There are 2 protein chains.
Amino acid sequence: MTELRIAIVGFGKIARDQHVGAIAAVPGATLTAIASRNASLPGLPHFATIEELLEKGPPIDAVSLCTPPQVRRAQAAAALAAGKHVMLEKPPGTGVAELDPLIAMAAEAKRTLFATWHSRHAPAVEPARQWLAARRIKSVHISWKEDVRVWHPGQGWIWEPGGLGVFDPGINALSILTKILPKPVFVTAAELSFPANCQAPIAASLTLTDIDGLPVTAEFDFRQTGPQSWDIVVETEQGRMTLSGGGRHMAIEGKTVAEAPDEEYRELYRRFVALAATGASDVDLAPLRLVADAFLLGRRIVVEPFVD
Amino acid sequence: MTELRIAIVGFGKIARDQHVGAIAAVPGATLTAIASRNASLPGLPHFATIEELLEKGPPIDAVSLCTPPQVRRAQAAAALAAGKHVMLEKPPGTGVAELDPLIAMAAEAKRTLFATWHSRHAPAVEPARQWLAARRIKSVHISWKEDVRVWHPGQGWIWEPGGLGVFDPGINALSILTKILPKPVFVTAAELSFPANCQAPIAASLTLTDIDGLPVTAEFDFRQTGPQSWDIVVETEQGRMTLSGGGRHMAIEGKTVAEAPDEEYRELYRRFVALAATGASDVDLAPLRLVADAFLLGRRIVVEPFVD
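What you see is a predicted model; the values in this text were computed from it and never measured. (Residues numbered from 1 in each chain as written. Chains lettered and ligands numbered in written order. Predicted model: local features only at pLDDT ≥ 70, side-chain atom pairs only at ≥ 80, totals over all residues. Heavy atoms only, no water.)

Turning our eyes to something else, we now look at the overall build of chain A. Along the backbone of chain A there are nine helices and 15 strands. For a compact globule of 308 residues, the expected C-alpha radius of gyration is about 19 Å, and chain A comes in at 19 Å, within 12% of that figure. Along the three orthogonal principal directions, the C-alpha set of chain A runs to about 55 × 45 × 35 Å. Burial statistics for chain A: of 308 residues in total, 55% are counted as buried. When contacts within chain A are restricted to residue pairs at least 6 apart in sequence, long-range pairs at least 24 apart make up 71% of them. Both charge centroids of chain A, one from 30 positive and one from 34 negative side chains, sit 2 Å from each other. (Helix = DSSP H or I, 4+ residues; strand = E, 2+ residues; numbered from the N terminus. Rg over C-alpha atoms; globule rule 2.2 N^0.38 Å. Buried < 20%, exposed > 50% of the residue type's maximum accessible area, 1.4 Å probe, protein only. Contact = heavy atoms within 4.5 Å. Lys, Arg positive; Asp, Glu negative; His and termini not counted. Charge placed at Lys NZ, Arg CZ, Asp CG, Glu CD.)

What follows covers the pattern of salt bridges. A full pass over the atoms with the stated rule returns 36 salt bridges over all chains. For the salt bridge of glutamate 235 of chain B with arginine 240 of chain B, the shortest nitrogen-to-oxygen distance reads 2.7 Å. Judged by relative accessible area, glutamate 235 of chain B falls into the partly exposed class, the value being 24%. Among the ionic pairs, aspartate 282 of chain B bridges to arginine 271 of chain B, the shortest N-O distance being 3.0 Å. Remark: arginine 271 of chain B occurs in helix α8 (residues 264–278) and aspartate 282 of chain B occurs in the loop between α8 and α9 (286–297); sequence separation between them is 11 residues. With relative accessibility at 23%, the residue aspartate 282 of chain B sits in the partly exposed group. One network of salt bridges, in which partners are shared, links Glu263, Arg266, Glu267 and Arg270 of chain A. (Salt bridge = Lys/Arg side-chain N within 4 Å of Asp/Glu carboxyl O.)

Another point: the packing of helix α7 (residues 167–180) of chain A against helix α9 (residues 286–297) of chain A. The description of two packed helices rests on the angle between their axes and on the distance between the axes. All names here are of chain A. Interhelical geometry of α7 versus α9 gives an angle of 125° and a closest axis separation of 8 Å. Judged by the angle between their axes, α7 and α9 are oblique. Here α7 runs over α9; the crossing is right-handed. The segment α7 lies against α9, with Phe167, Ile171, Leu174, Ser175 and Thr178 engaging Ala286, Pro287, Leu288, Leu290, Val291, Ala294 and Phe295. Looking at the contact of α7 with α9 residue by residue, the classes come out as 10 nonpolar, two polar and no charged. (Axes fitted to C-alpha atoms, helices over the stretch in contact; angles between N-to-C directions. Parallel < 35°, antiparallel > 145°, perpendicular 65-115°, else oblique. Left-handed = near helix turned anticlockwise from the far one by under 90°. Nonpolar A, V, L, I, M, F, W, Y, C, P; charged D, E, K, R; others polar.)

In this section: the side chain of threonine 67 of chain B. Within the secondary structure, threonine 67 of chain B sits in the loop between β4 (62–65) and α3 (69–81). Here threonine 67 of chain B is in contact with Val9, Gly10, Arg72 and Gln75 of chain B, once residues within four sequence places are set aside.

Moving on, we come to the environment of arginine 73 of chain B. Position of arginine 73 of chain B relative to the elements: it lies in helix α3. Put simply, arginine 73 of chain B and leucine 102 of chain B are 29 residues apart on the chain and 7.9 Å apart in space, counted from C-alpha to C-alpha. Residue contacts for arginine 73 of chain B: discarding those within four places in its chain leaves Phe186 of chain A together with Glu98 and Leu102 of chain B.

If you look at the biggest cluster of nonpolar residues, it comprises 165 residues, and the most contacted ones within it are Phe167 and Phe220 of chain A together with Phe167 and Phe220 of chain B. Apart from the residues lying within four places of it in its own chain, the contact partners of phenylalanine 167 of chain B are Leu192, Pro201, Ala204, Leu206, Phe220, Val291, Ala294 and Phe295 of chain B. (Core = buried A, V, L, I, M, F, W, Y, C linked by side-chain atoms within 4.5 Å.)

What follows deals with the interface of chain B and chain A. At the interface, 32 residues of chain B touch 32 residues of chain A. Both sides of the chain B and chain A interface together cover about 3,000 Å² of buried area, and 59% of this is carbon and sulfur. Arginine 299 of chain B is the partner of glutamate 160 of chain A in a salt bridge, and the nearest nitrogen-oxygen pair spans 3.2 Å. For the pair chain B and chain A, the number of links is 12 residue pairs in polar contact (both at pLDDT 80 or more). If you list the elements that add at least two residues to the side of chain B that touches chain A, you get α4 (99–109), β8 (186–195), α9 and β15 (299–303) of chain B. With nine residues, α9 of chain B is the largest single contributor of residues to the side of chain B that touches chain A. Partitioned by chemical class, the residues of the side of chain B that touches chain A number 19 nonpolar, five polar and eight charged. (Buried area = accessible area lost by both parts, 1.4 Å probe. Polar contact = N/O pair within 3.5 Å; in protein donor to acceptor, adjacent residues only side chain to side chain.)

Moving on, we get to the UniProt feature "domain: Gfo/Idh/MocA-like oxidoreductase N-terminal" (unreviewed entry) in chain A. Cross-referencing UniProt, the feature "domain: Gfo/Idh/MocA-like oxidoreductase N-terminal" (unreviewed entry) maps to residues 4–114 of chain A in the present numbering. For residues 4–114 of chain A, the end-to-end C-alpha separation is 14 Å, with 40% helix and 23% strand making up the annotated structure. (UniProt positions renumbered as here; feature names shortened; annotations may be inferred.)

This is how it looks when you write it as structure tokens:
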């Protein structure tokens, strides 16, 4: 197998915490360079910008974009124009429509564009999908509550326009939801709580449904201290399924039926290597579309200012 | 030709101002009934709700939904389930994803779902598209400024979540833009001005572009008194094209080249009759997607309260 030579662009928390180790663990993938304004990794070629990387860097086949979403589209376009495969961290963009030209570029150049949703690769997600496929679903409730100060320290971009605020983790829940349910869902109502000094919501309540009227609710909150929750509870006519820990643990009526260590990012890179072998793309915009709809039709309330 | 027997659902300003006259003028279309909480038309069967219309009304083939967008999805689903063709006023919904199940229902039932964009049928729009197709475009500026008190008297729904505010007319400009430009555009920045007492913006500034970096700007304002503007100015290497009057007038370097009386709604019903003859659908969500993206990535500022 030819190695896929990958450069990471944007070397912040997620790149260091997840991407470096995952690339090292996946056969066929090699970390070849890093482009980042400030950060680098000893022993690896380092460039300040993606333009410099593409112009002066070592030969690479692909870039993995771990920069904030606000700058990622232009970087993806530059990489595709240079003939590189592109992997996008979630969310894939600051808007839905900006992905269309990238999809067209990738198709024309026969290069891979891979919009990742890491939570979909959590170990209990596929078992949950299979279990639900054979049941009659009565309702779904999502509770995704975490302390932003613990999980997103100093990530100022998250509060800027396009940064998504609490939807940055919340979109992970929506990426799981849209994978495990048998029918597409859409947002019918939303309430978004904006801190008086921020351009992105710190909390959100969503009501969704599908063509059959399935009741789905979601509570996202960045202000959670104490116990954190990344849970999806599905009531069915054949019992209650609980998917907790962000998709890592599945229980039926409280009894664990699936649990495994997290390999989300390794799965992403395994898939990226497989996609790049043929130049196929994988871009599912359903989760981002739900967030855009929540902003479009949501009621906005202003809450107390947030100070990091 | 068999007549398409149409019921209008929602008998407000747009239904009275445009739909009744257009149906009367288009061969093959007949207004058969009206469903509206309060309003009716002498000599026509009247029902309070779409459910009552479908259950107790005269035989109809189609419904034209002129209700506010917040209630239209459920009405469209009910009509499609009853085997009727459905025409949607713009915007086609309060969110983008809610259209998917309707599109699937229509396809399965072999019924027409027609998401209309009346401004695309303004007389100078097609000439503008053709003229631009042969030119090199340098920039686009949209100025869509009208007095909400004149054009939307008492339409409280416009200020509620899902009501779009100034994007209710603004989406008309975006529907023309996405028709006349040769390549798809996307929003890169937006500023939305929300009155302190409203859930929808009263003004908006948008920056858009396409894959080639074309500069596109748009100014939407509901607070315009004095001269109103519904203009799109396109600078090309072969001169300036001005599309004004909401698409009714086209000029090159100030010289009129196309102008005709408004037949927008007649064109819509001609197309609805043609689509229904085969049960084909026509649902282009590009304009609504641009608005959703503007809400998603836009900067919000609070401005003085609006009192109708």
